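A closer look at the structure
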Amino acid sequence: MKLDYLHSSHFLITTKFESSLTASHSKVEFDFLVRGQFLRMPLSAHMDTEAISTEDVVEIEYVEKITAPEPEECMMHDDWISSIDADSEWILTGSYDKTARIWSVDGKAVMTVAGHLDVVKDATWVKRDGLTSLLLTASLDQTVLLWEWNSERNKVKARHCCRGHTGSVDTVSTDPTGSKFCSGSWDKMLKIWSAGKKRIKKSRMPQTDQGRNRRPSSSTPLMTLSGHNEAVSSVLWSDAEEVCSASWDHTIRVWDVEAGAMKTTLTGSKVFNCISYSPLCRRLASGSTDRHIRLWDPRTKDGALVLLSLTSHTGWVTAVKWAPTHEHQLVSGSLDNLVKLWDTRSCKAPLYDLAAHEDKVFCVDWTESGLMLSGGADNKLYSYKYSPCRTDAGA
Amino acid sequence: MRWSVSGSSTRVQSFVRNAGTFPPLTTTPPPTPPVYSMLTTLFNINNKATEKDDDDLSDSEDSQFSGLEDSGSDSEDEESDVEEKSSDDVEEDDGSNDDQDKQRQQTKVKNNKNKKGATEGKQEKKGDEYEHDTSDEEDIRNTVGNIPMEWYKDFPHIGYDLDGKKIFKPIRNKDELDEFLDKMENPDYWRTVHDKQTGRDIVLSDEQVDLVNRLQRGQFGDINFNEYQPTVEFFSSDVMIHPVTNRPADKRSFIPSLIEKEKVSKLVHAIKMGWIKPRRVQADSKERYYDLWANEDSSILAKHRMHLPAPKLRLPGHEESYNPPPEYLFTEEEKALWEQQDPEDRKLPFIPKKFSSLRQVPAYSRFIHEKFERCLDLYLCPRQRKMRVNVNPEDLIPKLPKPKDLQPFPTTQSLVYRGHSGLVRSVSVSPSGQWLASGSDDGSVRFWEVCSSRCMKIVQVGGAVKSVAWNPNPALCLLAVAVDSTVLILSPSLGDKLVISSSERLLAGSQEENPSEGPQPVVWSETEGEELKEGIHLKIQHPKAVHQVTWHAKGDYLASVMPDHSSHLQVFIHQLSRRRSQNPFRKNKGLVQCVAFHPIRPFFFVATQRYVRIYNLVKQEMAKKLQANSKWISNIAVHPGGDHVICGSYDCKLSWFDLDLSTKPYKVLRHHKKAVRSVAFHKGYPLFASASDDGTVIVCHGTVYNDLLQNPLIVPVKVLRGHVITHDLGVLDVTFHPTQPWIFSSGADATIRLFT
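Residues numbered from 1 in each chain as written. Chains lettered and ligands numbered in written order. Predicted model: local features only at pLDDT ≥ 70, side-chain atom pairs only at ≥ 80, totals over all residues. Heavy atoms only, no water.

Our focus in this paragraph is the overall build of chain A. Across its full length, chain A holds three helices and 32 strands. Taken across its 395 residues, chain A has 56% of its residues classed as buried. Of all intrachain contacts in chain A linking residues separated by at least 6 positions in sequence, the fraction that spans at least 24 positions is 48%. Split by element, the accessible area of chain A, about 16700 Å² in all, is 48% carbon and sulfur. (Helix = DSSP H or I, 4+ residues; strand = E, 2+ residues; numbered from the N terminus. Buried < 20%, exposed > 50% of the residue type's maximum accessible area, 1.4 Å probe, protein only. Contact = heavy atoms within 4.5 Å. Areas by Shrake-Rupley, 256 points an atom, 1.4 Å probe, with all protein chains shown as cover.)

Shown next, in the form of structure tokens:
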């Protein structure tokens with residue numbers, strides 16, 4: 001129980017709090033919140049910096065302290081890891097060795113998905129039907145491949161080859177239902193593709209199946225969204241029919257997929273490397289080349305309003321990801337080899353620095369099952385255990 | 001007439017004094033009665049006014065004081081007097097001078113009548129009656145008394161004497177003629193007076209004449225009377241023991257006066273209200289003290305201010321002494337050194353010498369010389385005052401915007417591209433900004449992914465790569481590499497498949513008909529096998545080592561530089577689509593360092609050691625010659641607008657030329673401490689950079705205005721450090737990202753760094 005920084009001020013510890021101390025939890029650490037901000041210094045100093053008058057009644061909330069993520073596994077790759085997508089069972093990674101890999105959450109290599117002619121820049125799960133999973137890989141070879149993977153037989157099969165981009169496909173994202181996906185490319189375009197099964201033509205599969213490079217059926221995009229002036233670096237579905245894309249042209253654009261039109265533009269001042277959207281707090285987090293993680297409200301009309309800026313990294317922020325279960329937490333990876341765990345209620349400093357990587361971090365991810373993942377240029381995929389908490393205990 | 005002198009009034013005093021004048025006429029008996037009577041008549045004749053005054057005076061005084069004493073009888077007297085006088089006056093008016101006697105007599109008669117009346121009325125006062133009687137003054141020679149003498153006109157006598165005998169008139173035998181004769185002949189005629197009472201002529205004596213004269217002059221009759229007797233001062237400043245008046249002082253003399261108080265308060269009120277201005281005390285306009293030198297001639301002062309004091313001489317030290325301490329004496333070596341040195345270099349202009357006594361000091365041998373030199377100094381060394389310019393150095397710095405306001409520009413190192421094993425001489429970015437090519441001395445060309453610093457491809461070219469240049473045409477994906485004496489055209493196979501295939505087709509599918517016009521200096525050749533697999537498609541063999549390759553903006557022409565002192569074959573321009581090469585210059589204008597194409601117009605920039613020549617490729621003539629003012633140009637870069645050139649030189653300078661302005665540098669920046677190796681312009685942002693052997697890249701903001709009158713704004717904004725100086729070489733090449741405000745620099749430490 002860390003109460004030493006509270007001794008200077010007078011406040012009452014509620015009986016509830018006392019009881020929770022003496023209850024079954026023998027050793028629980030708490031964090032204290034003053035007006036939505038974590039108390040990271042003596043209360044008086046905090047009130048000074050936050051300009052809270054000492055005359056006011058200050059309500060102090062307490063929450064169970066987020067415990068430090070514990071390193072779990074280290075999964076070695078053959079080359080740099082460009083992307084991670086993990087669900088509760090499997091971890092999908094894209095790598096610079098032109099393959100994607102499937103790992104189990106406890107760190108066993110399950111499958112190597114090879115088929116791209118160039119670096120796999122992004123990989124993502126589409127959906128899972130029992131043992132069959134659909135996954136996507138986007139590559140520098142300007143294609144997106146839709147794979148079908150049976151976990152029982154451990155066989156992977158390319159279902160679609162999505163051609164159409166004229167630049168490397170850097171990012172791909174599936175819609176919440178798993179029926180569509182969107183890809184963003186260096187050629188400044190966003191393309192919406194269908195993930196449905198109807199276009200599979202099995203008859204052509206053996207014909208193109210020559211040697212290593214089996215050619216799956218080509219598919220054409222449902223829609224092309226153009227509007228960015230520079231390469232699209234990150235794309236995501238924020239709603240059933242809404243796509244957000246971040247680009248090197250210093251903008252984040254929100255697109256209406258149904259109408260195929262742009263809805264909103266959020267203008268920053270630097271290149272955006274990555275964005276992440278949390279349906280819990282309805283905020284966009286962006287990582288850019290100027291070391292800052294910025295939080296945006298994608299629904300705002302006026303565009304360029306940064307809600308919050310999290311600054312602690314010293315290099316480009318290459319990956320951000322909101323916690324799937326917590327509305328305040330996010331994790332970020334940067335070129336300064338660090339992965340940082342943030343709480344938006346403490347924007348001055350991250351909760352934890354995870355300094356496991358020895359080289360640039362390119363991708364981070366969470367699972368709902370309490371796993372945090374990060375991969376980078378040191379060919380290592382680290383997984384950390386964290387304590388998922390859905391609700392704030394004392395709030 | 002009775003005078004009662006009583007009391008002590010001034011009036012009485014004055015009267016007493018007057019009485020001193022007249023009473024002799026009345027009180028004192030006249031010495032000779034006829035003379036007296038004659039006198040009175042004389043008065044009557046000669047001075048009527050006097051007589052009248054006398055009468056008046058006596059009468060008035062009489063009435064006055066008689067009134068004071070007793071009223072009754074005297075008042076009657078007075079009335080009678082008045083009557084008498086009035087009758088006198090009437091008679092005088094009517095009568096002639098001769099009537100005087102008769103007149104007197106009448107009055108006497110009247111007086112007598114009055115006396116009779118008085119005796120009749122008041123018996124008890126008879127004793128006092130003759131006190132006022134003037135009858136004793138009568139002429140005793142004639143007893144008729146004071147009657148008008150004309151009464152005796154018709155008689156032979158004129159009266160009676162004391163014995164009662166008739167006094168007969170003297171025989172008047174004198175007629176007018178006698179009178180006249182008498183007047184003319186008798187010397188005493190003027191003093192002869194006719195006495196009417198006796199009827200005789202009387203000759204006045206000298207005393208009598210004198211008395212008459214004195215009286216006529218208004219003087220006192222008595223000679224001995226002193227009219228200026230000392231007066232008794234009754235009212236003087238001296239306090240007498242007996243006060244003049246014994247009244248006590250008034251109360252008003254010692255209580256404040258209300259009237260005065262009222263007057264003063266009125267004045268005070270008026271002053272307060274400003275109706276009356278109190279008289280102002282005049283400040284003396286002339287000050288007591290003043291500046292004596294205020295009007296001093298300023299030229300004199302100026303002369304004094306410019307006065308230059310002679311330089312202070314050092315005081316003589318021990319070495320100048322005739323008997324210096326031994327440590328000041330020269331040793332043999334010092335002496336030898338002193339003699340070897342030039343006179344200007346010597347520490348001392350003389351050799352210290354020691355003498356046991358002052359007597360033995362010889363005469364100064366250089367006396368004449370020194371005098372002459374001093375005079376020479378005075379003559380030849382005019383002293384001059386150098387006015388120090390009192391300017392704040394801050395003010396001389398031109399007002400430049402703050403770097404903060406000129407963002408964006410690269411500020412921090414973001415990525416390091418590691419992999420080369422030799423110094424990286426050249427970097428080039430693909431037109432899309434996705435790829436970076438670098439050529440190194442380790443004989444390889446590497447291709448990097450910009451955003452991740454991933455080395456995507458390594459091409460071994462078998463020689464130190466001097467220069468790489470990415471084809472600026474976005475529809476092509478080609479890289480020109482200068483290795484030794486060859487220029488390689490590489491297809492990196494990065495990016496769009498269509499672009500790759502089209503560029504490969506361009507390289508492969510060009511017609512082979514190469515009209516051999518004798519021995520060509522440049523040989524084009526296609527590669528095969530392993531080299532082709534690596535992406536090397538074409539080799540352009542040059543006669544000498546190629547130092548630089550650069551593309552025209554359209555991507556079809558390629559220029560290569562082979563610095564050579566002796567030959568005119570220094571620059572070749574190759575046309576990729578037709579595989580032709582030509583040497584545009586016939587003459588050797590100097591060692592060519594660097595060439596560049598104009599981004600828009602058909603101009604070609606050739607930098608030799610000292611000049612940058614601009615050639616018009618269409619007209620095939622030199623358009624301009626820029627003087628770099630530096631000893632050895634290392635690199636040039638052309639602004640994307642085409643009107644400005646920056647030029648780095650090995651003497652640490654960066655010169656900015658405005659081609660519209662002048663052939664001399666518009667601005668020379670000397671920020672680097674060592675040779676500038678490379679300069680670059682950004683294609684979109686107003687940025688340019690220079691890389692130097694001191695390991696830094698300096699990024700400058702350079703806004704170019706469309707307005708021809710406005711000069712470019714050049715502000716150094718950032719010094720980028722990161723490269724390690726290896727073998728005295730720092731940053732060798734620098735290039736900007738085509739779309740982002742990022743800069744790549746390659747260094748001798750085998751790394752490429754990205755600053756964002």
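Here the focus is the packing of aromatic side chains. The geometry of an aromatic ring pair is captured by two quantities: the separation of the ring centres and the angle between the planes. Per the counting criterion, the structure on display carries 24 aromatic pairs over all chains. Relative to Trp296(A), the ring of Phe272(A) lies with its centre 5.8 Å away and its plane at 75 degrees, an arrangement referred to as edge-to-face. Of this pair, Phe272(A) sits in strand β22 (residues 272-278) while Trp296(A) sits in strand β24 (residues 292-296), and the two are 24 residues apart along the sequence. Take Phe272(A): its relative accessible area is 1%, and that puts it in the buried class. For the ring pair Trp632(B) and Tyr650(B), a centre distance of 6.3 Å and an interplane angle of 75 degrees mean the geometry is edge-to-face. Here the residue Trp632(B) occupies a position in the loop between β22 (621-627) and β23 (633-638), and Tyr650(B) occupies one in the loop between β24 (644-649) and β25 (654-658), the gap between them amounting to 18 residues. For Trp632(B), a relative accessible area of 34% puts it in the partly exposed group. (Phe/Tyr/Trp six-rings, centres within 6.5 Å; stacked < 30°, edge-to-face > 60°.)

With that settled, consider the interface of chain B and chain A. The interface of chain B with chain A comprises 23 residues on the first partner and 21 residues on the second. Both faces considered, chain B and chain A share a buried interface measuring about 1900 Å² in area, 56% of it formed by carbon and sulfur atoms. Applying the counting criterion to the chain B and chain A interface returns two salt bridges. Applying the counting rule to chain B against chain A returns eleven residue pairs in polar contact (both at pLDDT 80 or more). Of all elements in the fold, only β5 (413-418) and β9 (454-460) of chain B reach the threshold of two or more residues within the side of chain B that touches chain A. (Buried area = accessible area lost by both parts, 1.4 Å probe. Salt bridge = Lys/Arg side-chain N within 4 Å of Asp/Glu carboxyl O. Polar contact = N/O pair within 3.5 Å; in protein donor to acceptor, adjacent residues only side chain to side chain.)

Here the focus is the side chain of Thr318(A). Residue and element names in this part refer to chain A. Residue position: Thr-318 is located in strand β26 (residues 317-322). A relative accessible area of 13% places Thr-318 in the buried class. Of note is the side chain of Thr-318, whose polar atom sits 2.4 Å from the backbone oxygen of Val-361.

What follows concerns the pattern of salt bridges. Taken as a whole and assessed by the stated rule, the structure comprises 27 salt bridges over all chains. Between Glu242(A) and Lys263(A) there is a salt bridge whose closest N-O contact spans 2.5 Å. Separated by 21 residues along the polypeptide, Glu242(A) in strand β19 (residues 242-247) and Lys263(A) in strand β21 (residues 261-267) bring together distant segments of the chain. The exposure class of Lys263(A) is partly exposed, given its relative accessible area of 43%. The partner of Arg374(B) in a salt bridge is Glu370(B), with the nearest N and O atoms 3.2 Å apart.

Turning next to the sheet that holds strand β14 (residues 536-541) of chain B. Residue and element names in this part refer to chain B. What the five strands build is an open sheet, ordered β10-β11-β12-β14-β13; its pairing is antiparallel. In this open sheet, the two strands that pair with only one neighbour each are β10 (465-470) and β13 (523-526). Across the sheet, the mean angle from the axis of one strand to that of its neighbour is 20 degrees, orientation sign disregarded. Looking at chain direction, β13 and β14 are connected through four bridges and run antiparallel. The residue bridging Trp-524 from the neighbouring strand is Ile-540, located in β14. In the packing of helix α14 (residues 497-508) onto the sheet, the strands contacted are β12 (486-490), β13 and β14, and the crossing angle to β14 comes to about 40 degrees. (Pairing = 2+ DSSP bridges. Axes fitted to C-alpha atoms, helices over the stretch in contact; angles between N-to-C directions.)

Let's shift gears to the UniProt feature "repeat: WD" (unreviewed entry) in chain A. Residue and element names in this part refer to chain A. The sites that carry the UniProt feature "repeat: WD" (unreviewed entry) are, in the present numbering, residues 74-113, 113-157, 162-203, 225-265, 275-306 and 310-346. Helix makes up 0% of residues 74-113 and strand 65%, and the two end C-alpha atoms of the span are 20 Å apart. Helix and strand shares over residues 310-346 are 0% and 51% respectively, and the end C-alpha atoms of the span are 9 Å apart. (UniProt positions renumbered as here; feature names shortened; annotations may be inferred.)

Here the focus is a nonpolar patch on the surface. On the surface, Leu267(B), Ile271(B), Met273(B), Trp275(B) and Ile276(B) cluster together into a nonpolar patch covering about 520 Å² of accessible area. Mapped onto the elements, Ile276(B) comes out in the loop between α9 (258-273) and α10 (298-305). (Patch = residues over 30% accessible without salt bridge, like charges linked within 9 Å, V, L, I, M, F, W, Y side chains within 5 Å.)

Our focus in this paragraph is the sheet that holds strand β9 (residues 120-129) of chain A. In a beta sheet, neighbouring strands are held together by backbone hydrogen bonds and run either parallel or antiparallel to one another. Residue and element names in this part refer to chain A. Strand order in the open sheet formed by five strands is β9-β10-β11-β12-β16, with mixed pairing between adjacent strands. Of all strands in the sheet, those with a lone pairing partner are β9 and β16 (217-219), marking the two edges. The sheet shows a mean angle of 25 degrees between the axes of neighbouring strands, direction not considered. In the sheet, β9 pairs with strand β10 (residues 132-139) via eight bridges, with the strands oriented antiparallel. Bridge pairing in β10 links Arg-128 to Ser-133.

Glancing now at the confidence of the model for chain B. Residue and element names in this part refer to chain B. Across chain B, the average pLDDT comes to 76, with 77% of residues at 70 or higher. The lowest-confidence element of chain B is helix α1 (residues 10-19), averaging 39 in pLDDT; the highest-confidence one is α9, averaging 93. Scoring the predicted complex yields pTM 0.63 and, for the interface, ipTM 0.84. (pLDDT = per-residue confidence, 0-100.)

On to the UniProt feature "repeat: WD" (unreviewed entry) in chain B, then. Under the feature "repeat: WD" (unreviewed entry), the UniProt entry names residues 417-458, 669-699 and 724-756 of chain B. Helix makes up 0% of residues 669-699 of chain B and strand 55%, and the two end C-alpha atoms of the span are 12 Å apart.

With that out of the way, let us pick up unusual backbone geometry. Here the bond from Gln407(B) into Pro408(B) is cis, since omega is 10 degrees, no more than 30 degrees from zero. In this fold, Pro408(B) is placed in the loop between α13 (393-396) and β5. One non-glycine residue, Asn379(A), lies in the positive phi region at around 65 degrees. Among the secondary structure elements, Asn379(A) is positioned in the loop between β31 (371-376) and β32 (380-385). Here Asn629(B), not a glycine, exhibits a phi torsion of approximately 60 degrees, which is positive.

Now for the confidence of the model for chain A. Residue and element names in this part refer to chain A. In this model, chain A carries an average pLDDT of 79, and 85% of its residues clear a pLDDT of 70 or more. Considering each helix and strand of chain A separately, the mean pLDDT is smallest for helix α3 (residues 204-208), with a value of 40, and largest for β26, with 89. Confidence drops under pLDDT 50 across residues 199-213; counting only partners more than four residues distant or on other chains, this segment forms 20 contacts.

All names here are of chain A. When you line up the elements, Trp-237 lands in strand β18 (residues 232-239). Classification of Trp-237 by relative accessible area gives buried; the value is 8%. Note: C-alpha distance between Trp-237 and Ser-173 (64 residues apart in sequence) is 6.7 Å. Look past the residues within four positions of Trp-237 in its chain and what remains in contact with it is Ser-173, Thr-174, Asp-175, Pro-176, Lys-180, Phe-181, Cys-182, Ile-192, Glu-242, Val-243 and Val-257. Reaching out from Trp-237, the side chain makes a polar contact with the backbone oxygen of Ser-173 at a distance of 2.9 Å.

Quick look at the environment of Leu236(A) now. All names here are of chain A. Within the fold, Leu-236 resides in strand β18. For Leu-236, a relative accessible area of 10% corresponds to the buried category. In the structure, Leu-236 is positioned 41 residues away from Tyr-277 in sequence and 7.7 Å away in space, judged by C-alpha atoms. Residue contacts for Leu-236: discarding those within four places in its chain leaves Ser-173, Glu-242, Val-243, Cys-244, Ile-275, Ser-276, Tyr-277 and Leu-284.

A word on the pairing of strand β27 (residues 676-681) of chain B. Of all the six residues making up β27(B), five are buried; the element is thus mostly covered by neighbouring parts of the structure. Counted along the chain from β27(B) to the antiparallel partner strand β28 (residues 687-692) of chain B, the turn is five residues long.

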